[in-house]
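Report on the structure
The chain contents come next:
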Amino acid sequence: KYIENRIGLIKEPSSYRLIHRDLQPQNIHWDIQNNKIAGVFDFEAAMSGDRIFEFTYLEMRLFKEYPEIRDSFYNTYSKYIPLESNFEHVLEFYGVVRDLIYYPRNISYGELDRAETALKSIESVVFNN
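Attention in this report is confined to the structure presented alongside it. (Residues numbered from 1 in each chain as written. Predicted model: local features only at pLDDT ≥ 70, side-chain atom pairs only at ≥ 80, totals over all residues. Heavy atoms only, no water.)

A short note on the overall build of the chain
- The number of helices and strands found in the chain is five helices and four strands.
- Reading the chain from its N terminus to its C terminus gives the helix and strand order α-β-β-β-β-α-α-α-α.
- A compact globule built from 129 residues should have a C-alpha radius of gyration of about 14 Å, and the chain, at 15 Å, falls within 12% of that.
- Here the analysis covers contacts within the chain between residues at least 6 apart in sequence; of these, 62% occur between residues at least 24 apart.
- Total accessible area computed for the chain in this model is approximately 8700 Å², and 54% of it derives from carbon and sulfur atoms.
- The average position of the 15 basic charges and that of the 20 acidic charges among the side chains of the chain differ by 3 Å. (Helix = DSSP H or I, 4+ residues; strand = E, 2+ residues; numbered from the N terminus. Rg over C-alpha atoms; globule rule 2.2 N^0.38 Å. Contact = heavy atoms within 4.5 Å. Areas by Shrake-Rupley, 256 points an atom, 1.4 Å probe, with all protein chains shown as cover. Lys, Arg positive; Asp, Glu negative; His and termini not counted. Charge placed at Lys NZ, Arg CZ, Asp CG, Glu CD.)

Spelled out as structure tokens, the structure:
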């Protein structure tokens, strides 16, 4: 029911881009001297898709660890590529989709702690909305 009610949030992107799908601190090489990203690693999960889906990993990992950079990231990003007004709702929806995709993968890989985290995340969004 949750997905049925929110699938309308997703619009066909004007263009598809390569998305990493596992963007997290350990896959980003930071140039500390110049305070910028110098490279991105581990493209095994990459696919074509909506750039907003990519942000779900930043939300799940980087912004949970460093919440103080979240607003700065989105403000800077939106200077170059404007974000839709319903961006936060789309981001939440993609977070549920991400967890639904990775839950069975985590089970099959024996990563039960990750599976439990995904399940709790799904439950908190779906049942509290």
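Some points on the packing of aromatic side chains
- The tally for this structure, following the rule as stated, stands at 14 aromatic pairs.
- Between the aromatic rings of Phe 55 and Phe 73, the centroid separation amounts to 5.5 Å while the plane-to-plane angle is 85°, which identifies the pairing as edge-to-face. Of this pair, Phe 55 sits in helix α2 (residues 51-65) while Phe 73 is found in helix α3 (residues 70-80), placing the two residues 18 residues apart along the sequence.
- The partly exposed category is assigned to Phe 73, whose relative accessible area is 28%. (Phe/Tyr/Trp six-rings, centres within 6.5 Å; stacked < 30°, edge-to-face > 60°. Buried < 20%, exposed > 50% of the residue type's maximum accessible area, 1.4 Å probe, protein only.)

Describing the pairing of strand β2 (residues 28-31)
- Relative to strand β3 (residues 36-40), β2 is paired through four bridges, and the arrangement is antiparallel. What sits directly across from His 29, in β3, is Gly 39.
- If you look at the hairpin formed by β2 and β3, you'll find four residues sitting between the two strands, and Asn 35 has a positive phi there, around 50°. (Pairing = 2+ DSSP bridges.)

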